[in-house]
Number of protein chains: 2
Amino acid sequence: MSEVILLAHGAGGRKSADLIRDLFLRHFGNPALNVLGDSAVLEIPGGKVAFTTDSFVVDPLFFPGGDIGKLAVCGTVNDLAAAGARPLALSAAFILEEGLDLDTLERVVASMARTASEVGVPIVTGDTKVVPRGSADRIFITTSGIGIPFVAQRQTPPQPSPQRGGGYPPTLPPRCGEGWGGVCLCAPSPECAAQGDAVILSGTIADHGMAVMTCREGISFESEIESDCAPLDTLVASMLEACPDIHCLRDPTRGGVATSLNEIAVQSGVCIEIYEPAIPVNENVRVACELLGIDPLHVANEGKMLAIVPQECAEAVVEAMRAHPYGRRACVIGRVQERPAGRVHLRTALGSLRILDIPAGDLLPRIC
Amino acid sequence: MSEVILLAHGAGGRKSADLIRDLFLRHFGNPALNVLGDSAVLEIPGGKVAFTTDSFVVDPLFFPGGDIGKLAVCGTVNDLAAAGARPLALSAAFILEEGLDLDTLERVVASMARTASEVGVPIVTGDTKVVPRGSADRIFITTSGIGIPFVAQRQTPPQPSPQRGGGYPPTLPPRCGEGWGGVCLCAPSPECAAQGDAVILSGTIADHGMAVMTCREGISFESEIESDCAPLDTLVASMLEACPDIHCLRDPTRGGVATSLNEIAVQSGVCIEIYEPAIPVNENVRVACELLGIDPLHVANEGKMLAIVPQECAEAVVEAMRAHPYGRRACVIGRVQERPAGRVHLRTALGSLRILDIPAGDLLPRIC
């Protein structure tokens, strides 16, 4: 590790992963944390609970398609959704800079309230700290959330009925020790991708990152780039209804789709191959990325979901997603192969194959 | 409200209360938040869950008796304890300034891990953001926590037994609609203080605030002032074992004992009278407060618990506390009266009575 914190340590790429592994996992490591899911999933008396947290430091505070408040609610709702969980309650902790305009704060708070109300999740607890002028930049927000599984889980295995001759225990699914009836109860989890699975993406990529970046840098295009910032809880609910056995769900934020897929490939010990021409990118975003020399697969999204599902479910899941306002451009973008484990391959329009790595550097600081 | 955020908005006193009421409750208001407990208490399938969050921005990062990492774990553990909840899991979100020394970060992370390990609570999920140099001051940490009640709660009311002739429903407690068997199941809550209750404090006050302040300002005394920063989960567990019907628990942090008691007095609609000579203050802290013209009742604590308990339990609770390392100087400091509702009275050694108000100003910025 370098001896000081660099912007790259917070960019979601390789240096972020190093910091997590070499510092946080080394000191905090435990089974729930080590999974490195978007949420931790915990067993508590009465069932499973998903628990997640994220800090938001985006600059500017307001950008086309959203603001730090909407982002803070969507980000945490989407991390719960990525654990297959319905959001039950959020917390909100504010770090404010002395001298911040109260109107600005109120616009942000109103936006959080509006987004939380769209989701139907209450903000039940919070905190406010104020630091002297110059010790923070206007507003930082940390939201945490708890949720419970969308797919109802029986609390105890079904008991054999003496009258009907039993039938328990059922066959356990191959990758996971806690399921029955063919449904993997530990999924969705980044460890559950399996050979032959389809890789599904809910829509266009790189909208959020390029919206914030072009807004911050004052770059303008013929049509303004808008952030995709949106809460994906009901999208995920409809996906799980179409296929209760989704293997992985991932919210491809910092580091983009490339980072999320690499994390899944490593954690599941599989190779993921995606087809470049299948990946939807808005035209203005594609142009902006080309001009700035940025790979859209490395850029943050805030309203997209990656899903890895058994091949036989893929069509039903895509169909369910396309019926939802936040999944209209959903499509299959690739599939899971056995080898080489831990790799992501990108097949281009011309048929060549290249390794898709995670970004090394500090592409876009303060993007969320 | 003033038109910009002032340091006083984060100091835990009157301006903090105004901001919470006029901004956050107005936009976010819901039954769980409106209680304004140290944690929100939620009903989920299978039982109750306590949920809390706090950001930590203390300056300096290291001070006698603790550091920002220990504080971040204890603060959230104590907020759960104040809801009568055993900590199940914590989250940790870091906002780091570019250029921060990695050794400093590692000392903080190691301290968090050590404190979490003392408590036996895992840190299960987290986040790291890095902001450019000058956009934050070194390290801000936001921890959230979830917990379940120390006192086991039956999930369904006991059913009448036909053999034994029933006995259900029992008498409901006077202040709360969800209990049975004489135990108030909604307590501990700042709304549950009742006339005649005893007010108990777990030990000396103002140690944390004065330790940080004297350390930051470079003021030295004959004996160094040490923060009381400590996790109070097992202390609270032993208190609840001595008296399962504790009415209120409160962790008197920013704004000190004065603010916590005023909040309880308002929310429960009672008057709280405390006896000044009964309140334990370490001698060096008393001298420092006198020199600086600060009322120790207004100064933050990070390892103390206030409890309001039925009079008949007071002795047993104090005895249980004194048997615990973090409650050795526990004592009864006052009692709850009916009127005037919403007030805290301080009776002095000479017998005179004065109103104990919450601090108006920004006594001590970045104290936690």
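These figures come from a predicted structure and were not determined experimentally.

Conventions we followed
Residues numbered from 1 in each chain as written. Chains lettered and ligands numbered in written order. Predicted model: local features only at pLDDT ≥ 70, side-chain atom pairs only at ≥ 80, totals over all residues. Heavy atoms only, no water. Helix = DSSP H or I, 4+ residues; strand = E, 2+ residues; numbered from the N terminus. Buried < 20%, exposed > 50% of the residue type's maximum accessible area, 1.4 Å probe, protein only. Contact = heavy atoms within 4.5 Å. Areas by Shrake-Rupley, 256 points an atom, 1.4 Å probe, with all protein chains shown as cover. pLDDT = per-residue confidence, 0-100. Pairing = 2+ DSSP bridges. Axes fitted to C-alpha atoms, helices over the stretch in contact; angles between N-to-C directions. Least-squares fit on C-alpha atoms with pLDDT ≥ 70 in both. Left-handed = near helix turned anticlockwise from the far one by under 90°. Nonpolar A, V, L, I, M, F, W, Y, C, P; charged D, E, K, R; others polar.

Summing up its helical and strand segments, chain A has 9 helices and 14 strands in all. Within chain A, the proportion of its 368 residues that are buried is 60%. Across chain A, the fraction of contacts at a sequence separation of at least 24, relative to all contacts at a separation of at least 6, is 81%. Counting only carbon and sulfur atoms, one obtains 50% of the accessible surface of chain A, whose full area is about 13,900 Å².

All names here are of chain A. The pLDDT averaged across chain A works out to 89; a share of 89% of its residues lies at or above 70. Within the model, the stretch residues 154–185 combines pLDDT values under 50 with 43 contacts to residues more than four positions away or in other chains. In the predicted assembly, ipTM is 0.91 and pTM is 0.92.

Turning our attention to the environment of C248(A). Residue and element names in this part refer to chain A. Relative to the elements of secondary structure, C248 occurs in strand 9 (residues 248–250). Each C-alpha atom, one on C248 and one on I308, is 4.9 Å from the other, the two residues being 60 residues apart in sequence. If sequence neighbours within four positions are ignored, C248 has contacts with P188, S189, P190, C192, A193, I264, L306, A307 and I308.

All right, on to the sheet that holds strand 13 (residues 344–347) of chain B then. Hydrogen bonds along the backbone pair up the strands of a sheet, which may run parallel or antiparallel. Residue and element names in this part refer to chain B. Sheet architecture is open: 7 strands sit in the order 9-11-8-12-10-13-14, paired in mixed fashion. Unpaired on one side and paired on the other, strand 9 (248–250) and strand 14 (353–355) mark the two borders of the sheet. Between one strand axis and the next, the sheet turns by 25° as a mean value, whatever way the strands run. Across the sheet, helix 7 (residues 256–268) lies against strand 8 (198–201), strand 9, strand 10 (271–275), strand 11 (306–309) and strand 13, angled at about 150° from strand 9, the strand it touches most.

Attention now moves to the relation of the copies chain B and chain A. You can overlay chain B on chain A at an RMSD of 0.0 Å; the transform is a turn of 180° with a shift of 0.0 Å along its axis. Such values leave the two copies arranged in the relation of a two-fold axis. Interface residue correspondence from chain B to chain A reaches 100%, placing this contact among same-surface, isologous pairings.

So, about the packing of helix 3 (residues 68–81) of chain B against helix 4 (residues 102–119) of chain B. Residue and element names in this part refer to chain B. Running from N to C, helix 3 and helix 4 cross one another at 35°; their axes reach a closest spacing of 7 Å. In terms of crossing hand, the pair formed by helix 3 and helix 4 is right-handed. Mapping the contact onto sequence places I68, G69, K70, A72, V73, C74 and V77 in helix 3 and V108, S111, M112, T115, A116 and V119 in helix 4. The residue inventory of the contact of helix 3 with helix 4, partitioned by class, reads 9 nonpolar, 3 polar and 1 charged.

Moving on to the sheet that holds strand 7 (residues 139–149) of chain A. Residues and elements named next belong to chain A. Pairing is mixed across the open sheet formed by 5 strands, whose spatial order is 1-2-7-5-6. Looking at strand neighbours, the two that pair on one side only are strand 1 (40–44) and strand 6 (123–131), the edges of this open sheet. When the angles between neighbouring strand axes are averaged without regard to direction, this sheet yields 20°. Two strands pair when backbone bridges link them, and strand 2 (residues 47–56) and strand 7 are joined in this way by 7 bridges, in the antiparallel orientation. Looking across to strand 7, one finds that A50 is bridged to G147.

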